[in-house]
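As a plain string of letters, each chain reads:
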Amino acid sequence: MSEYLTVALPKGRLGDKVYNLLERVGYDCREIREDGRKLVFENPAAGVRYLLVKPSDVAIYVEHGAADVGIVGKDILEENRPDVYELLDLGIGRCRMAVASRSDYREDTSRTLRVATKFENIAKRYYASLNRDIEIIRLNGSIELAPLLGLSDVIVDIVESGTTIRENNLKVFTEFMQISARFIANKSSFKFKNEVITRMADKLNGVIKV
Amino acid sequence: MRSDYQTLTAVERASLALRELYERLGYRKYRMGQFEEYSLYMDNKNFLSSERVISFTDLDGRLLALRPDVTLSIVRHASEQPHAAERLYYTESVYRPSAEGHAFKEISQMGIEVLGEIDRYAMTEVTLLAAQSLCAFGPKGLLELSDLRFAVGLFDALGLKDGLRVQALDALGQKNRPALETVARAAGLGTEDAAALCALVELYGPWQPTLARARALCRGETMAAAIEELASVCAAAAQGDNQLAIDLSLVGHTDYYNGLLLRGYLEGLPRAVLVGGRYDRILKKLGKAGGGIGFALDLSEISRLPEQKDDAALDLLVQYTEDADPAVVARAVAGAARQGLRVRALRQEEDPGERCWKDALLISGAGVQRGDGC
């Protein structure tokens with residue numbers, strides 16, 4: 001093969017599930033698991049080059065053509081709306097986008113709602129669909145602290161098992177978006193490397209259907 | 001010896017070649033004023049990719065804007081030609097918000113517009129010019145064609161209502177089959193109808209087999225007419241080095257376009273560099289007769305292509321000492337420039353940096369010595 005297909009993969013918790021999935025369809029990822037510091041891995045036999053990046057950066061690499069394809073959570077795609085093709089729902093890394101707050105919280109609809117979140121655009125769109133006036137408090141982590149300390153009325157965040165929410169004495173009030181990992185492609189790469197991208201998508205599709 | 005032409009970048013050279021090509025085919029250069037009435041964009045904001053426009057109050061109190069779109073201005077100002085098509089080309093800047101930078105950016109565009117009676121030949125000519133324009137920039141190019149009427153015709157046949165229609169268009173633009181399946185479920189479509197809707201994302205590839213597959217999905221005259229028109233245009237435009245493909249999931253800006261759609265890609269660049277299509281609605285909205293078709297090339301994006309550069313940044317480095325006669329230095333520099341060489345004069349102790357040069361001269365009070373290239 002004359003040219004590698006460059007695949008942006010997320011590090012961290014979703015990453016492990018993604019490497020398992022790729023190995024099931026014949027794209028060896030052992031080297032990624034073995035080496036803790038390298039960020040670029042090549043698999044000449046499969047004709048792929050993996051880039052290991054922060055989950056929230058996967059779509060940026062793909063949109064700008066630094067990677068041809070990538071695997072990324074639907075939350076990141078909804079938040080940033082990159083101009084990419086979303087070819088498959090891989091069905092892994094399932095979770096929900098939810099509104100949560102203190103378990104004794106009662107919404108005062110006469111006041112502007114203070115919403116703490118790192119998903120600013122998703123939260124804005126959700127409350128706009130309800131025609132609810134909100135004030136966004138943009139946080140980068142430990143979102144659960146915000147309602148406990150009175151920083152916000154509610155949080156909008158990802159809920160997987162609900163353990164973090166429960167352990168911080170919070171309660172989920174609404175779940176409004178299903179999230180899972182998606183296989184995405186750069187629009188130009190999809191035209192010029194269509195055969196290899198389609199082959200990878202077909203193999204992944206075969207496994208997720210099973 | 002280097003000609004002035006060789007000192008241009010590859011994109012500048014290609015732009016000049018395209019200008020010549022467009023003029024040979026009877027396109028007139030259309031030069032616009034720098035600013036446009038702000039009201040043009042506010043009255044027609046459905047045609048813009050973003051409502052955010054750079055505006056300012058002119059000294060006479062008029063509210064003006066820096067152009068976010070060329071076509072609207074051309075349609076508004078170009079004179080109407082009864083029973084004829086006006087052919088125009090332009091090289092202009094547009095100003096649009098950058099999605100990532102939270103700032104406006106200037107985009108250099110080159111494009112053509114045909115206004116008036118748009119027949120099958122005019123569509124073929126514009127498609128051919130789009131394919132040839134991509135070829136002018138060197139690397140492998142691909143021109144994709146679609147027709148908005150195909151997807152919209154299917155939505156009509158399936159009875160998709162407004163909200164679901166918008167969701168379906170979004171899903172198509174992303175080739176997002178799971179999202180289309182969700183739309184099909186929400187619309188209560190039966191198995192066959194849902195399969196037809198989802199099949200839209202698969203309708204891409206070489207034009208002949210793809211249009212053959214598309215024909216099998218046609219429901220009604222509008223969809224059939226779109227496929228027949230695409231087949232005719234492709235058959236005429238598939239010539240020479242032109243690389244054509246069909247992608248019927250390409251739906252573009254549905255307020256702007258109403259029929260044939262064009263998207264051009266160059267290998268090595270991550271996004272479309274050519275965008276165009278049929279835009280009769282704009283003419284109707286601005287009270288003009290006939291239809292319109294055209295395309296724009298994003299020269300700012302194309303200029304990101306790697307440039308084949310000569311290793312030596314200079315042909316001649318002229319170094320001079322403190323006691324050198326400035327007139328001798330000036331004559332040496334002027335002589336080299338007359339021969340078309342790239343030349344630079346520096347004091348001997350000055351660091352030429354990392355620049356390379358083919359030949360060097362050292363001029364001192366004692367005379368002129370030839371040095372070495374780097």
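Everything quoted here is computed from the prediction, not taken from an experiment.

**A few points about the domain arrangement of chain B**
Along its sequence, chain B is carved into domain 1 (4–302) and domain 2 (314–371). Centre-to-centre separation of domain 1 of chain B and domain 2 of chain B, based on C-alpha positions: 52 Å.

**Things to note about the sheet that holds strand β9 (residues 154–159) of chain A**
All names here are of chain A. Ordered in space as β8-β7-β9-β6-β10, the five strands form an open sheet in which the pairing is mixed. Pairing within the sheet leaves two strands with one partner each, and these edge strands are β8 (134–138) and β10 (170–179). Ignoring strand direction, the axes of neighbouring strands in this sheet form an average angle of 30°. Of the pairings in the sheet, the one linking strand β7 (residues 113–117) to β8 comprises five bridges and is parallel in character. Bridged to Ala116 within β8 is Ile137. Docked against the sheet, helix α5 (residues 120–129) engages β6 (95–102), β7, β8, β9 and β10, running at close to 170° with respect to β8.

**Details of helix α6 (residues 162–173) of chain B**
Residue and element names in this part refer to chain B. In this model α6 runs 17 Å from its N-terminal to its C-terminal C-alpha over 12 residues, within 8% of the 16 Å that 1.5 Å per residue would give. Looking at the packing, one finds that the buried side of α6 touches α5 (148–158) and α7 (177–186). After α6 finishes, the residue Lys175 shows a positive phi value of roughly 50°.

**Considering the packing of helix α4 (residues 120–135) of chain B against helix α10 (residues 221–237) of chain B**
Residue and element names in this part refer to chain B. Interaxial distance between α4 and α10 falls to 9 Å at its minimum, and their mutual angle equals 55°. Relative to α10, α4 is oriented oblique. Of the two possible hands of crossing, α4 and α10 adopt the one that is right-handed. Across from Arg120, Met123, Thr124, Thr127 and Leu128 in α4, the residues of α10 making contact are Glu228, Glu229, Ser232, Val233, Ala236 and Ala237. Broken down by class, the residue content of the contact of α4 with α10 amounts to five nonpolar, three polar and three charged.

**A look at the packing of aromatic side chains**
Aromatic ring pairs are reported here in terms of the distance separating the ring centres and the angle at which the planes meet. One pass over the structure, following the stated rule, counts 11 aromatic pairs over all chains. Plain terms: the ring middles of A:Tyr126 and A:Tyr127 are 5.0 Å apart, the flat faces sit at 70° to each other, and that makes the pair edge-to-face. Geometrically, the ring pair formed by B:Tyr256 and B:Tyr279 is edge-to-face, given 6.3 Å between the ring centres and 75° between the ring planes. On the criterion of sequence distance, the pair formed by B:Tyr256 in the loop between β9 (244–247) and β10 (260–266) and B:Tyr279 in the loop between β11 (274–278) and α11 (280–285) is long-range, its members being 23 residues apart. For the pair B:Tyr256 and B:Tyr279, one class covers both residues: buried. A cation over a ring is seen here: B:Lys175 above A:Tyr85, with NZ or CZ 5.0 Å from the ring centre.

Calculation rules
- Residues numbered from 1 in each chain as written.
- Chains lettered and ligands numbered in written order.
- Predicted model: local features only at pLDDT ≥ 70, side-chain atom pairs only at ≥ 80, totals over all residues.
- Heavy atoms only, no water.
- Domains from an automatic or database assignment.
- Pairing = 2+ DSSP bridges.
- Helix = DSSP H or I, 4+ residues; strand = E, 2+ residues; numbered from the N terminus.
- Axes fitted to C-alpha atoms, helices over the stretch in contact; angles between N-to-C directions.
- Contact = heavy atoms within 4.5 Å.
- Expected span 1.5 Å × (residues − 1).
- Parallel < 35°, antiparallel > 145°, perpendicular 65-115°, else oblique.
- Left-handed = near helix turned anticlockwise from the far one by under 90°.
- Nonpolar A, V, L, I, M, F, W, Y, C, P; charged D, E, K, R; others polar.
- Phe/Tyr/Trp six-rings, centres within 6.5 Å; stacked < 30°, edge-to-face > 60°.
- Buried < 20%, exposed > 50% of the residue type's maximum accessible area, 1.4 Å probe, protein only.
- Lys NZ or Arg CZ within 6 Å of the ring centre and 35° of its normal.

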